[in-house]
Amino acid sequence: MRNLNSLINGFNYCLKYKGSNDYLLVSSWDENLKQSIVKLIRINDGKSIHKWVPDIALLNSEFNTKKINGEFPNLTKNTTPIVHPLVLNDGSLIFGAGGIYKIDKNSNLIWSNLTPSHHTIEQDIDGNIW
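(A) Seen up close, the sheet that holds strand β7 (residues 93-97). Taken together, the four strands give an open sheet; going across it, the order is β6-β7-β8-β9, and neighbouring strands pair in antiparallel fashion. Two strands close off the open sheet at either side, each with one partner strand: β6 (83-87) and β9 (109-113). Across the sheet, the mean angle from the axis of one strand to that of its neighbour is 15°, orientation sign disregarded. One ladder, built from three bridges, connects β6 with β7; its direction is antiparallel. Directly across from Val83, in β7, lies its bridge partner Gly96. Seen against the sheet, helix α1 (residues 56-63) touches β7, β8 (99-103) and β9 and runs at an angle of roughly 30° to β9.

(B) Structural detail: the pattern of salt bridges. For the structure shown, the criterion picks out two salt bridges. Notably, a salt bridge pairs Glu31 with Lys34, separated by 2.2 Å at the nearest N-O pair. Residue classification places Lys34 among the partly exposed residues on the basis of a relative accessible area of 37%. With a closest N to O distance of 2.9 Å, Arg42 and Asp45 form a salt bridge. Owing to a relative accessible area of 22%, Arg42 belongs among the partly exposed residues under this scheme.

Each value, and the rule that gives it
Residues numbered from 1 in each chain as written. Predicted model: local features only at pLDDT ≥ 70, side-chain atom pairs only at ≥ 80, totals over all residues. Heavy atoms only, no water. Pairing = 2+ DSSP bridges. Helix = DSSP H or I, 4+ residues; strand = E, 2+ residues; numbered from the N terminus. Axes fitted to C-alpha atoms, helices over the stretch in contact; angles between N-to-C directions. Contact = heavy atoms within 4.5 Å. Salt bridge = Lys/Arg side-chain N within 4 Å of Asp/Glu carboxyl O. Buried < 20%, exposed > 50% of the residue type's maximum accessible area, 1.4 Å probe, protein only.

Pasting the structure below:
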């Protein structure tokens, strides 16, 4: 493959994006924290611009108290993936992790919806979350 540079964080990027002002929102596992996190990465150099580290134990303490299909879930910090993150203009983040959660830019919980979800999270033109 030509025109690809490897970054030390494991991502490859095409040289044509070297001057790009675009960003990538990545949900990943943090081995040091032993939990899922979300990073905002600048595409042109692969630098992590911001990181959200939600209190997974807090989220699970609420979610695990709700019966789903007649049983209580047993999500733990180590088994809870963060899926379909959506960053908002104020730096807050909405994501799935069993239920649906919103945290502020400092990873503090703002609200939760304990309905299990595995679908993408999108914002419409009026600011509604789908």
